[in-house]
Amino acid sequence: MTNTKRSVAGTAPLLGTRALNRATLDRQLLLRPARISAAAAVGHLVGLQAQNVKPPYYALAARLDGFTPEALSRLMADREVVRIVTMRSTIHTHTADDCHTLRPLVQPARDRELTQFRKGLAGVDLDRLAALARDLVETEPRTMKQLREALLREWPDADPQALAVAARCRLPLVQVTPRGLWGRSGQVALTTAEHWLGRPAGPPATPDAVVLRYLAAFGPASVRDMQAWAGLTRLRDAFERLRPRLVTFQDEGGVELFDLPDAPRPDPDTPAPPRFLPEFDNLLLSHADRTRVVPPEYRGRSWQGNIAHRTLLVDGFLAGLWRLEEHALVIEPFGRLTGAQRDEVLAEGERMLRMMHPETSYDIRFGVVRAA
């Protein structure tokens, strides 16, 4: 059910913040645990942000019914999902198919990224660098340090860090296992996606196709929202080509929002159970306007410098932080929770712990309430 009211400023219906919140939570599999496989969830969500190893596992635990860490770890070991730099120049866990099609889509952004390092790359033939780096990592997976050292022998006057970044930007480099496996450790070692997956990349995904997938996972959304998610510019043309196939709304600021006609847009009063999300969860990072999840008074509260905290949703919105200590799950709400909300948070914490740490006993306690 869609709960909207007619916009005063235009003809498109108005979607309020709570309506956007519930629609986005539904697309993100956060209104109710989804009964789909881990592989299907990674594909539907168009990848999981994965700067660190554990966040994709906790992201799926918050979204899937009966998830176990071994389910995602097995997919990674079998090379059905991989860790690779894609959207926003950050590491994502993608299905093998998406790795091969999404990385070429965002390649122009990776090429532009290299302009920041042009001084350190003066005199470097980037095509030759890419060919040399490919030979190196396909002969055997290499760490960034090993890449730097090898490339520096060819270009001793270049900046070592810029050389390694150039290899990462020019080539689709994936992190090989055991990096990324649950309960395993391993430094970051890289090879090409083609070499790791044993097949050449197919045609790049078209912007139009990815717009439709983005709306299915993050909509309703504006052009700027998708550009923030993808780290790309000039996507307006794709939305305009698709306009006859889409429906439009306006948010409370009058911004035009696009959506799939048959996508779920639940009633704003639909219950939204608490959820424990990992640091860097895409729910909080994939819109230019994040107020659909982050109340204005809590903006910036989930970050400290370059460090992102694990976040707690209550009633669908950012409401606090959480962390695991040696023997405790510590929950730190930003404001006062009602008795019923505390009970729901405790129940969801217990569910998450059973799923992620079935062999470990944790106490659950509320930390000091953080003032707004």
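Residues numbered from 1 in each chain as written. Predicted model: local features only at pLDDT ≥ 70, side-chain atom pairs only at ≥ 80, totals over all residues. Heavy atoms only, no water.

1. A few points about helix 4 (residues 69-77)
Part 1 of the reasoning: By the burial criterion, the buried members of helix 4 are Pro-69, Ala-71, Leu-72, Ser-73, Leu-75 and Met-76.
Part 2 of the reasoning: Of the surrounding elements, those touching the buried residues of helix 4 are helix 2 (38-44), helix 3 (55-61), strand 4 (81-85), strand 5 (91-95) and helix 14 (339-356).
Part 3 of the reasoning: With its phi angle positive at about 65 degrees, Arg-79 sits one or two positions after the end of helix 4. (Buried < 20%, exposed > 50% of the residue type's maximum accessible area, 1.4 Å probe, protein only. Helix = DSSP H or I, 4+ residues; strand = E, 2+ residues; numbered from the N terminus. Contact = heavy atoms within 4.5 Å.)

2. Quick notes on the sheet that holds strand 5
Part 1 of the reasoning: Strands sit in the order 3-5-4-6-7 across an open sheet of 5 strands; the sheet is antiparallel. Of all the strands in the sheet, just strand 3 (48-49) and strand 7 (190-192) have a single pairing partner and so form its edges.
Part 2 of the reasoning: Of the pairings in the sheet, the one linking strand 3 to strand 5 comprises 2 bridges and is antiparallel in character. Across the sheet, Gln-49 pairs through a bridge with His-92, a residue of strand 5. (Pairing = 2+ DSSP bridges.)

3. Observations regarding the pairing of strand 15 (residues 328-333)
Part 1 of the reasoning: Among the 6 residues that make up strand 15, 6 are buried, leaving the element largely enclosed by the rest of the structure.
Part 2 of the reasoning: Here strand 15 shows a buried face lined by Ala-328, Val-330 and Glu-332 and a second buried face lined by Leu-329, Ile-331 and Pro-333.
Part 3 of the reasoning: Relative to strand 15, strand 14 (residues 317-324) runs antiparallel, the two sharing 5 bridges. Counted as the bridge partner of Arg-323 is Val-330 from strand 15.
Part 4 of the reasoning: The turn joining strand 14 and strand 15, which pair antiparallel and follow one another in sequence, is formed by 3 residues.
Part 5 of the reasoning: As paired strands, strand 15 and strand 16 (residues 363-366) are joined by 4 bridges and run parallel to one another. By the bridge assignment, Leu-329 is partnered in strand 16 with Ile-364.
Part 6 of the reasoning: With respect to chirality, the unit in which strand 15 leads through helix 14 into the neighbouring parallel strand 16 is right-handed. (Right-handed = clockwise from strand over helix to strand, strands pointing away.)

4. A word on the packing of helix 11 (residues 207-218) against helix 12 (residues 223-230)
Part 1 of the reasoning: In contact at an axis separation of 11 Å, helix 11 and helix 12 are set at 95 degrees when each is read in the N-to-C sense. The angle between the axes of helix 11 and helix 12 places the two elements in the roughly perpendicular class. Contact with helix 11, carried on its side by Val-210, Val-211, Tyr-214 and Phe-218, involves Asp-225, Met-226 and Trp-229 of helix 12 and no other residues of that element.
Part 2 of the reasoning: Across the contact of helix 11 with helix 12, the residue classes tally to 6 nonpolar, no polar and 1 charged. (Axes fitted to C-alpha atoms, helices over the stretch in contact; angles between N-to-C directions. Parallel < 35°, antiparallel > 145°, perpendicular 65-115°, else oblique. Nonpolar A, V, L, I, M, F, W, Y, C, P; charged D, E, K, R; others polar.)

5. Details of the environment of Pro-178
Part 1 of the reasoning: Residue placement: Pro-178 occurs in the loop between strand 6 (173-175) and strand 7.
Part 2 of the reasoning: Residue classification places Pro-178 among the partly exposed positions, given a relative accessible area of 30%.
Part 3 of the reasoning: Linking Pro-178 and Val-188, residues 10 residues apart in sequence, is a C-alpha distance of 8.9 Å.
Part 4 of the reasoning: When near neighbours in sequence (up to four residues on either side) are disregarded, Pro-178 contacts Arg-184, Ser-185 and Gly-186.

None of the figures reported here should be taken as evidence of function without further support.
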